[in-house]
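Here is what each chain is made of, one letter per residue.
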Amino acid sequence: MKEMHELTPAEKWEQATLADNFIFCKVMTANPDLCKELLELLLNIKIERIEIPVAERSFKVDYDSKGIRFDVYVKDGTGRCFDIEIQTTNRTNLAKRARYYQGLMDVDSLVSGADYSELNESYVIFLCMEDAFGSGLPVYDFHQVCKQNSDILFNDGTHKVFFNASKYDKMPTKDLREFFKFLNGLNAASDFTDQLEQKVRYAKTNAQWRHRFMTWEQEMRIQVKEKSEQLAKIIANEMVEDRVNAMRADIEKEAKEMANEIAEDRVNAIRKDMEKEAKEMANEIAEDRVNAIRKDMEKEAKKMAKSMATEIAEKMVEEKRAAIVKEIAEEQTAEKARETAKKLLAEKIEPEVVAKCTGLSLEQVKKLANE
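A brief report on the enclosed structure follows.

About the criteria used
Once a new chain begins, its residue numbering starts again from 1 and follows that chain's sequence as written. In keeping with the predicted nature of the model, local features appear solely for residues at pLDDT of at least 70, side-chain atom pairs appear and are counted solely at 80 or more, and the whole-chain, interface and lining totals rest on all residues. Remark: hydrogens and water are excluded; side-chain values derive from all non-hydrogen atoms of the structure. Only protein chains enter the calculation, and the probe is 1.4 Å; a residue is then buried if its accessible area is under 20% of its type maximum, exposed if over 50%, and partly exposed in between. Helix numbering and strand numbering both begin at the N terminus, where a helix is a DSSP run of H or I of at least 4 residues and a strand a DSSP run of E of at least 2. Using a 1 Å grid laid over the protein atoms alone, points where a 1.4 Å probe fits but cannot get out form a cavity; open sets with protein on both sides within 12 Å along at least 5 of 7 lines form a pocket; any residue with an atom within 4 Å of a point counts as lining. Grid points are joined across faces, edges and corners, and a volume is the space filled by probe spheres set on the points. In this classification, Asp, Glu, Lys and Arg are treated as charged, Ala, Val, Leu, Ile, Met, Phe, Trp, Tyr, Cys and Pro as nonpolar, and every other residue, Gly included, as polar. Lines fitted to the C-alpha atoms define the axes, with helices restricted to the stretch that makes contact. Angles between their N-to-C directions range from 0 to 180 degrees. Angle categories: roughly parallel below 35 degrees, roughly antiparallel above 145, roughly perpendicular from 65 to 115, and oblique for all the rest. Residues count as neighbours in contact if any of their non-hydrogen atoms are within 4.5 Å of one another. Polar contacts, as counted here, are pairs of nitrogen or oxygen atoms within 3.5 Å of one another; within protein the pair requires one atom able to donate a hydrogen and one able to accept it, and residues that are adjacent in sequence qualify only if both atoms are side-chain atoms. Strand pairing is defined by DSSP finding a minimum of two bridges between the two strands. In this scheme, a helix's expected span is set at 1.5 Å multiplied by one less than its residue total. As used here, the arc belongs to the directions running from the helix axis to the C-beta atoms.

Quick look at the pairing of strand β3 (residues 81-87) now. In terms of residue burial, β3 counts as a mostly covered element, since seven of its seven residues are buried. Side chains of β3 alternate between two faces, with C81, D83, E85 and Q87 and F82, I84 and I86 buried alike.

Right, dumping it as structure tokens:
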């Protein structure tokens, strides 16, 4: 059986369920009554009526701000705002996203010049297929309270609720358990899930929606590929720069150490030779002549030692540099490819894309993904 990332857009469409963002948006916006019933089920509240839900509603406060799209955005007859998000992957920034979404909902609901007291209640609801907070709870319902006295509530009218679909069997009500079973692709038995199943089947017979879904999938693949290529270039440049700086520092350090050792060894060798020759000459030449010759030889020896040490050091440094550069060039191709692949996999980039970006085989990429 193919992995999800190996499926073609057409195959993904055939296997899509309500947990797919596109299907969820279409079913909710095309069926306001089901959207209303879902909100009542999730939040355990009563809603008299709702406006027609909007799929992937775009918000942008001003030209320079970050724009976002809500999966399903809806208001009820009292002005309460609801944002329902389907989250199929485990993301670490959900809390910050919820905070940002809530702020945009407030901006959208408050008419220019109106008082803050007119802000309506707002709900940000995440339907997560995995445990967003890792504590094993089926529901995480967040409300702000006073740190010093938990009996004091900060009633600002905001609500953030995260559902953990993987714990569908621990949901507080039977209807919730059946809904999240259905969201997980399991057999569910309730009137609500029966209606949802019927609407999902109907949605998948819509040729126009099918075309939009496959177009969207193709665009997403192109975006992922472009992002992967950009990320790979950035990572590669950073790795090269760091490696070159480290190599330069190592070479300079080794060169200095080698130059000092070579100079010292050469001077010691020359000194020993000079002493030996001086002793042999001392028997034949007067002491003053020996001293004069020794001074001349020592002076010349120091010059020679310095010159030779410099030449030898420069030659050895160049040879060392060439050897290190050659070794790094050989190591970098494989090592950088593996490190780049790991970082791309951590970004949830599909293995095929990672393989194309790094030059590794698909088997190597899959092996890295399993490490």
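So, next bit.
Notably, N44 is not glycine yet its phi reads approximately 55 degrees, a positive angle. Relative to the helices and strands, N44 resides in the loop between α3 (32-43) and β1 (54-59). Unusually for a residue other than glycine, K348 sits at a positive phi of about 65 degrees.

What follows covers the layout of surface pockets. Reported here for the second largest pocket is a volume of approximately 380 Å³. Lining of the second largest pocket is provided by 21 residues; of these, E40, L41, L42, L43 and N44 occupy positions nearest its centre. Among the secondary structure elements, those contributing two or more residues to the lining of the second largest pocket are α3, β5 (139-142), β6 (158-164) and α5 (174-183). The residue makeup of the lining of the second largest pocket, split by class, is 11 nonpolar, five polar and five charged.

A pair of packed helices can be characterised by two numbers: the angle between their axes and the separation between those axes. Where helix α2 (residues 21-30) contacts α3, the two axes come as close as 5 Å, and the packing angle between them is 105 degrees. With respect to α3, the element α2 is oriented roughly perpendicular. Taken together, the residues of α3 that come into contact with α2 (itself represented by F24, M28, T29 and A30) are P32, C35 and L38. Its residues placed into classes, the contact of α2 with α3 shows six nonpolar, one polar and no charged.

Let us look at the side chain of T29. With respect to the secondary-structure elements, T29 resides in helix α2. Overall, T29 belongs to the buried group, its relative accessible area being 19%. Looking at T29, its side chain comes within polar contact range of the main-chain oxygen of C25, at 2.7 Å.

Another aspect to go through is the pairing of β6. When you tally the buried positions in β6, you get six out of seven residues, the bulk of the element. The sheet contact formed by β5 and β6 spans four bridges and is antiparallel. Bridge pairing in β6 places V139 opposite F163.

Turning our eyes to something else, we now look at helix α6 (residues 191-203). When the terminal C-alpha atoms of α6 are compared, their 18 Å separation across 13 residues agrees well with the 18 Å that a helix rising 1.5 Å per residue should span. Taken together, the buried positions of α6 are occupied by F192, T193, L196, V200 and A203. One side of α6 holds all its buried residues, which, seen down the axis, span an arc of 90 degrees. Facing away from the buried surface of α6 by more than 90 degrees, the exposed residues are D191, Q198, R201 and Y202.

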